[in-house]
Every structure is written in C-alpha cells, then in structure tokens.
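Observations on chain architecture
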Amino acid sequence: MSQTLAHSSAAEAGLQPLYGISVEFDDPEALVEAARKTRDAGYKRVEGYSPFPIEALSEALGQHQVEVPWLMFGAGIAGGVGGFGLLAVTSAWLYPVNIGGRALIPWAQFIPITFECTVLLAALTGVAAMFVLNGLPEPYHPIFNAPNFDGVSSDRFFLCVEARDKQFDAEATRKFLEGLGGLQVSEVRESKK
Amino acid sequence: MANPMLASNQRETFDIIQPGHDYTSITEKITGISMSPKVSPVWLLGVIFALGMAGVMATGMIITILFGVGVWGNNQPNGWGFDIINFVWWIGIGHAGTLISAILLLLHQNWRTSINRFAEAMTLFAVVQAGMYPLLHVGRHQYAYWMFPLPNSMELWPNFRSPLMWDVFAISTYLTVSAVFWYVGLVPDLATLRDRSTSRMAKVLFGMAALGWRGSALHWRRYMQVYLLLAGLSTPLVLSVHTIVSFDFAVGIVPGWHSTIFPPYFVAGAVFAGFAMTILLSVPLRAVCNLRDVITMRHLENMGKVMLATGLIVFYGYIMEVFFGAYSSNKYELYMTFNNRMFGPYAWSYWMLIVCNGIIPQVLWMKKCRTSIPCLVAVSISVSIGMWLERFVIIVTSLSFDFMPSSWALYHPTHIDWMIYLGTMGFFTLLFLLFCRILPVISIAEMRELIHHQKHVHGGHDAPGSHQHAHSHASH
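**Some remarks on the overall build of chain B**
Scanning chain B from N- to C-terminus turns up 16 helices and 0 strands. Its C-alpha atoms give chain B a radius of gyration of 24 Å, near enough to 23 Å, the size a compact globule of 476 residues would have. Overall, chain B is about 80 × 55 × 40 Å in size when its C-alpha atoms are taken along their principal axes. Considering chain B as a whole, with its 476 residues, one finds that 61% of them fall into the buried category. Across chain B, the fraction of contacts at a sequence separation of at least 24, relative to all contacts at a separation of at least 6, is 81%. For chain B, the exposed surface amounts to about 18,700 Å²; the carbon and sulfur share of it is 72%. Across chain B, the mean location of the 27 positive side-chain charges is 8 Å away from that of the 21 negative side-chain charges.

Below, the structure written as structure tokens:
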C-alpha cells in the first residue's frame, strides 16, 4: 500500500518512482549498527553497501545465503566423476588396449586428471554462480542514483531501505533513517530523470 | 594541507602498512598510479625495451613455426632442451603468486595483502610464457589440439596414463583458475576505477569490466565465499601442478629422473624461484610507483624468510638426490650422479647450481641481509639463475648421457633457443608493465579491509589522517 502511495506521489511531482531511501556513513561500525537497528525496526528489504566486505554487516542484515559453496561442492563432485568417467570409458570401453595384462582402469594413474577436473569445474561453477546469483553483470542499478554513491567504492558506506518493503513509508522511513546518525539521508529514484 | 603521509613516504617501515593510511588515502594512492595522466619515462623506456625483446621472441617463434623444431638445439638423445627447461622455469615462477594469494590467505597472513595482486599477475603472465613452449614443441602446430581429450581418426584416445597428458590438464586448469581468481579479485577495484575515472571512455571500459559491482552486502557475502573457496581449491591445485610437472621426469626411468623426492622438491623449488621473482618485481615497483608505505620492509623481509625456508627444502632435495644415487648401488644412477653431474662435461652447471641455490641464499639467515634491498636483490638474482640451472642440470645431464654410450651427445642450444628464451622475459616484462599502468597493482578493497582490521587491533587511537575526508591529492 505504502509502495503505491510513494509511486503515485512521485508521479504527481513528475519524478521517477522511488527505489528506496538511503543513508550514508563514513564508518563501517556505524553502518553495521544502523543495519541492526533497521532490521530490529522490522524492515526486511534493507541492503548495505560498503567498499570492502564486512561480515558483521551481512549478519546484521540477516543474510544466510550459502548456495555458492553447495553449488561448488556439487560441481566438484560432478567434475571428479566426469573426469574419472572420461578416463575409464575411453580406456576400458571405447578403445581398450591390453598392455601386458595391466588393468584397463588403473585408478592410481587416473588421480591427477580426476583431481584437475574436480578443481576446474568447482572453481568455474563457483565464480559463475557468484556472478549469476548476484545478478551481475548489471551495469545500471537505481542505487547508483544515491548522492555520493561513487564513494562506496572508496570510503563511503550506505544503507538503503527499499520502497518495496511492506513497512516502507516515504515519510516515516525517512524520519527513522534520519535518527540513525548518518551523514545524509536521500531518496533514491529508479532512474535519474 | 600538509600531508603527514607524504613526508613519511620515503621512510622505510616494518609495519604491514605505514600508519596514517585511511580508506580515502589508500584508494587515492593506488588508483593514482593507474589514473595519473603522466607517463613516467622509466616506464616508457621499459615498455620500449620489453616490446623489442618480445619482438625477438616473436621472430624466434615464427622461424620455429616456418622451419620446424629442427632450428632448435634439440636432437637425439636430447629430445628435451631449452623448451622444457624454460617451461618448467616459468611455471615454477608462477607458483609464488598462487602461494601468496591462496595459501597465505588461508593462513591469515595479513602481510600478503599488498603483494598478492601483482604476484597473481606475475603467475598469470609466467604461465602464459610457459604455455607457449609445449605448443611450439609439438612441431606440427596445426595439430596442437591433439592434446585435447579427443579421439583421433582411428578412434584412439590420448594416453591418459602419461604424465604429459596429466600436464595438459594441470597447466590448463592452473591457467584458467588463476585467471578467474585474479579477475574475481579485480572486480571491486575495477568498480573503484570506474567511479573515479574522469574520461568517458575509461568510465565505460572499467564499468563494463566491473560488471556493475556496487558493493552490496549480499554480493560481498557470496564474493567472499567464492574467494575463500577458490583459495582453498588453488592450494592443492598449485601443489598438484608442480607435482605433475615433476612426474614428467620422475615417472620416466632415465637415471637422474626416476626419484621419489621430485614432487616435494619441485614444489619447494617453484615457490623458491617465484618468491625470488616477486622480490625482483616488487623492488622496482615500490620505488617507481612510490609504494614504500604499503610494500614495506616487512614484506621484503618476509619474502626473504620464505625464500630461505623453501631454499633449504630444495637444498635438502639436492643432498637426497646424491644420497639416493649412492645408496641405490645402481651403476647408471651412480654414473649419473658422480661421473656425469658432478665431474662430467656439465659439472660447471651442477656446481653453479649448488652455489646459487644452496650456498648463497644462506646469507638470508642474517636479519641484516633480509632487510637490505641490494642483498635481497642479489640473492633473488642468484636464485633465479640457480633455479634455471636446476632444470638445465636435470634435463640436459640426464638425457645427454643415458644408458648407451653409443648414443651419448652433448646438447647445444641454438640462437633461436636463446631468442625465444630471452624474448619470453621481454614479453613477461611487457605484460607486467602494461598491467602496472592500467590496473590497480595492489588490491584496494583488501587494503581497506586491512586498515579496518588494524584499527580494531590498535584500539581507538587512530593515526592522524583517518576519519578525515579531506582529499589528499598530495600522495599522487
């Protein structure tokens, strides 16, 4: 409900729809503290932005995603089985060569290639999964419209409550964020114009 | 504003990072190197020289492709010569980069942060040089794809029981994973360059390369998961690569090759040579780019310590080789170890190897030497030569005098061999110089993390400069 309100009032003023309200900090501890308070206040669609990874921030925002490690684990197994399978199938079925009665599947000699295939598939899957799940590449994102946001890749820290949050209310949320002690609170539009 | 950082820039420090740096200053400092519009004359001279050398390499390669491998010194019984020596040498150099970026990360060695980016670049560029040798050595270059696991027209597959085939998998996996690891590490820094570029073209190019990175907490979470796991995967990977390279020799029955000590001592030797190269790269880098406050004496000293430790493993390997030769009571092994390597026609290379890799690095026991740049550079050059000689000794002495005296012959590298070898050094330097100019040589995101971490360690009393956001252009 509040989301549609925000949208309609924005449309009246000739502005782009609201993406969210952001608050800027210059200190990681302040950001983590603010994230915790915002979550405690009941907001769910909250995201923090920082110039380096902050584990406590991710925890404060209640992020528990673990897909990447599991996907890598699965891919590693698939790579290992696939690698060994390639060797076994070609050596024992597709073109078996009897060399003085030696085993057609000499597993010890298959270890290196099996291992390399395991690592290769796990690594490539991990990186691909990280980018895809993060929705990257995504050259444009509304958060880039927050004032000073280019500082997020240097020395600035941002917290953004998104307009699609059920509890979002342009006025009340703004007031709440102003109480968090950041440098400035700003409305972030979906698009610049 | 008088910048306290600039004044202290020239002073050597034993901290991991000179106190006084904050998020802003470190970003400015490192992006300043690649974004400064000025082209340093030293850099330009280096590029011109490296380009010339790369041209020499290209000429040697074109001659090889046009006239065949016969232009090299390789001939019976020396089927392997400079190509394999240099291949192993370059691959080994690459290993220090992975050790720094992966193993030291897992061991929580904070000091690795400021050297890991360019060490990884070194890995990548070294593996590129290494990879070119086997490709040239196959002779009929249009059939190089036969190394892939594909059946030939008789439906016969490559011999997967051969260490050479293992090598194909190991090197290609290593190159791929190193490249991916390096790129993942670069993404947040590319975003920094995107945000700080002033020209439209730079903004667009860095923007594309950064994939729209915006530092979101959830993105960082997945990023760190994959980064740590890649480090975890790279650790056994790097050990496997040089182990498999050593299998190229150890699995053969040639005297002097058939030895179980090979895998560990090859891996240690690789790290040994790689750290020597890292020192040789970081000394000019910190001088030219004015990075003494982030690549400090502490880093150089630590690299010296790693060199000393791995050098001792390598030296132990040499001693064990002699012991194995003597204890085997096998006349071929005995002949190889004593009559041939120690006192044969290539004795000069063996004794130079012992001096370069075994004796000279022992000066690193002295703190005075570990903290003296000329001394570290001298030892690193000695180790680089020594590690090249090691491969020369292993390959050439073993092949030139094998079981049959009737097939004995000395190995003589040709001009083309030398052109390609010296040329790859130029090509490596060229890639490295371009990398220094275009991309951040130090991981900025990780440096910020380090500063954040150090603030916690040192409690509240921050050095002057932090929490101030006055932009300090003075540090350019």
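Now that the structure has been shown, the text picks up again.
**A word on helix α5 (residues 113–137) of chain B**
The first and last C-alpha atoms of α5(B) sit 38 Å apart over 25 residues, in line with the 36 Å expected at 1.5 Å per residue. Following α5(B) by one or two positions, G139(B) has its phi on the positive side, about 85 degrees.

**Thoughts on the domain arrangement of chain A**
Here chain A is described as being made up of domain 1 (3–63 + 148–189) and domain 2 (67–133). For domain 1 of chain A versus domain 2 of chain A, the separation of C-alpha centres amounts to 45 Å.

**So, the state of the cysteines**
Residues and elements named next belong to chain B. Summed over the entire model, instances satisfying the criterion amount to 1 disulfide over all chains. Each sulfur of the disulfide joining C369 and C375 lies 1.8 Å from the other. Disulfide C369 to C375: torsion about the S-S bond roughly -45 degrees, handedness left-handed. There is no split in this pair, since C369 and C375 are both buried.

**Re helix α10 (residues 297–328) of chain B**
Given a rise of 1.5 Å per residue, 32 residues ought to cover 46 Å, and the 46 Å separating the end C-alpha atoms of α10(B) matches this to within 8%. In the stretch just after α10(B), S329(B) is the one whose phi turns positive, near 55 degrees.

**Some remarks on the packing of helix α4 (residues 67–94) of chain A against helix α8 (residues 217–250) of chain B**
It is at 9 Å that the axes of α4(A) and α8(B) come closest, and there the two elements cross at 35 degrees. Counting all contacts with α4(A), which are made through E67(A), V68(A), P69(A) and M72(A), the residues of α8(B) involved are R222(B), Q225(B), V226(B), L229(B), L230(B) and L233(B). Along the lines of polarity and charge, the residues of the contact of α4(A) with α8(B) split into 7 nonpolar, 1 polar and 2 charged.

**Regarding the pattern of salt bridges**
All names here are of chain B. Under the definition given, this model contains 17 salt bridges over all chains. Between K29 and D293 there is a salt bridge, with the nearest N and O atoms lying 3.1 Å from each other. On the criterion of sequence distance, the pair formed by K29 in helix α2 (residues 23–35) and D293 in the loop between α9 (262–288) and α10 is long-range, its members being 264 residues apart. Note on K29: relative accessible area 5%, which makes it buried. Among the salt bridges present, the one from R117 reaches D189, with a minimum N-O distance of 3.1 Å. Pair noted here: R117 is in helix α5 and D189 is in helix α6 (residues 163–196), with a separation of 72 residues, a long-range link. Each member of the pair, R117 as well as D189, carries the same accessibility label: buried. A single network of salt bridges, built from pairs that share partners, joins E301, K305, K367 and R370.

**Focus: the pairing of strand β2 (residues 46–49) of chain A**
All names here are of chain A. Across the two faces of β2 the burial is the same, with V46 and G48 and E47 and Y49 all buried. When β2 meets strand β3 (residues 157–162), the two strands line up antiparallel, connected through 4 bridges. Residue E47 lies in a different strand from β3, and its bridge partner there is C160.

**Observations concerning the environment of F84(A)**
Residue and element names in this part refer to chain A. By secondary structure assignment, the location of F84 is in helix α4. Residue class for F84 comes out partly exposed when judged on its relative accessible area of 30%. The spatial distance from the C-alpha of F84 to the C-alpha of T118 is 9.5 Å, given a sequence separation of 34 residues. Beyond its immediate stretch of four places on either side in the chain, F84 contacts I105, W107, F110 and T114.

**Focus: the interface of chain B and chain A**
At the interface, 56 residues of chain B touch 65 residues of chain A. Carbon and sulfur atoms make up 67% of the area that chain B and chain A hide from each other, which totals about 5,300 Å². Among the residues of chain B in contact with chain A, R161(B), R214(B) and R222(B) are the three that bury the most area, contributing 16% of the side total. Summed over the shared surface of chain B and chain A, the result is 2 salt bridges. One salt bridge in this structure joins E138(A) and R214(B), with 2.9 Å as the shortest N-O distance. Between chain B and chain A we count 25 residue pairs in polar contact (both at pLDDT 80 or more) in total. Of all the secondary structure elements, the ones that give two or more residues to the side of chain B that touches chain A are α2, α6, α8 and α16 (444–457) of chain B.

**Thoughts on the confidence of the model for chain A**
Residues and elements named next belong to chain A. Per-residue pLDDT for chain A has a mean of 85; in total, 92% of the residues score no lower than 70. The secondary-structure element of chain A with the lowest mean pLDDT is helix α1 (residues 2–12), recorded at 50, while helix α5 (residues 107–133) shows the highest, at 94. In this model residues 1–6 is a low-confidence stretch, pLDDT under 50, and it forms 7 contacts with partners more than four residues away in sequence or in other chains.

**Considerations on the packing of aromatic side chains**
All told, the structure shown has 50 aromatic pairs over all chains when counted by the stated rule. Ring plane angle 50 degrees and centroid distance 6.4 Å describe the contact between F131(A) and Y183(B), whose orientation is recorded as tilted. Of this pair, F131(A) sits in helix α5 while Y183(B) sits in helix α6, which puts the two residues in different chains. Residue class for F131(A) comes out buried when judged on its relative accessible area of 10%. Looking at Y183(B), the relative accessible area reads 29%, which means it is partly exposed. Measuring from centroid to centroid gives 5.2 Å for W213(B) and Y223(B), while their planes differ by 55 degrees, and the two rings are tilted. Of the two residues, W213(B) is situated in the loop between α7 (200–210) and α8 and Y223(B) in helix α8; the sequence distance between them amounts to 10 residues. Both residues of the pair, W213(B) and Y223(B), belong to the buried class. One aromatic cluster is present, built from ring pairs that chain together F82(B), W89(B), W90(B), Y346(B), W348(B), W388(B), F392(B), Y411(B), W418(B), Y421(B) and F428(B).

Cut-offs and rules
- Residues numbered from 1 in each chain as written.
- Chains lettered and ligands numbered in written order.
- Predicted model: local features only at pLDDT ≥ 70, side-chain atom pairs only at ≥ 80, totals over all residues.
- Heavy atoms only, no water.
- Helix = DSSP H or I, 4+ residues; strand = E, 2+ residues; numbered from the N terminus.
- Rg over C-alpha atoms; globule rule 2.2 N^0.38 Å.
- Buried < 20%, exposed > 50% of the residue type's maximum accessible area, 1.4 Å probe, protein only.
- Contact = heavy atoms within 4.5 Å.
- Areas by Shrake-Rupley, 256 points an atom, 1.4 Å probe, with all protein chains shown as cover.
- Lys, Arg positive; Asp, Glu negative; His and termini not counted.
- Charge placed at Lys NZ, Arg CZ, Asp CG, Glu CD.
- Expected span 1.5 Å × (residues − 1).
- Domains from an automatic or database assignment.
- Disulfide = S-S within 2.5 Å.
- Axes fitted to C-alpha atoms, helices over the stretch in contact; angles between N-to-C directions.
- Nonpolar A, V, L, I, M, F, W, Y, C, P; charged D, E, K, R; others polar.
- Salt bridge = Lys/Arg side-chain N within 4 Å of Asp/Glu carboxyl O.
- Pairing = 2+ DSSP bridges.
- Buried area = accessible area lost by both parts, 1.4 Å probe.
- Polar contact = N/O pair within 3.5 Å; in protein donor to acceptor, adjacent residues only side chain to side chain.
- pLDDT = per-residue confidence, 0-100.
- Phe/Tyr/Trp six-rings, centres within 6.5 Å; stacked < 30°, edge-to-face > 60°.

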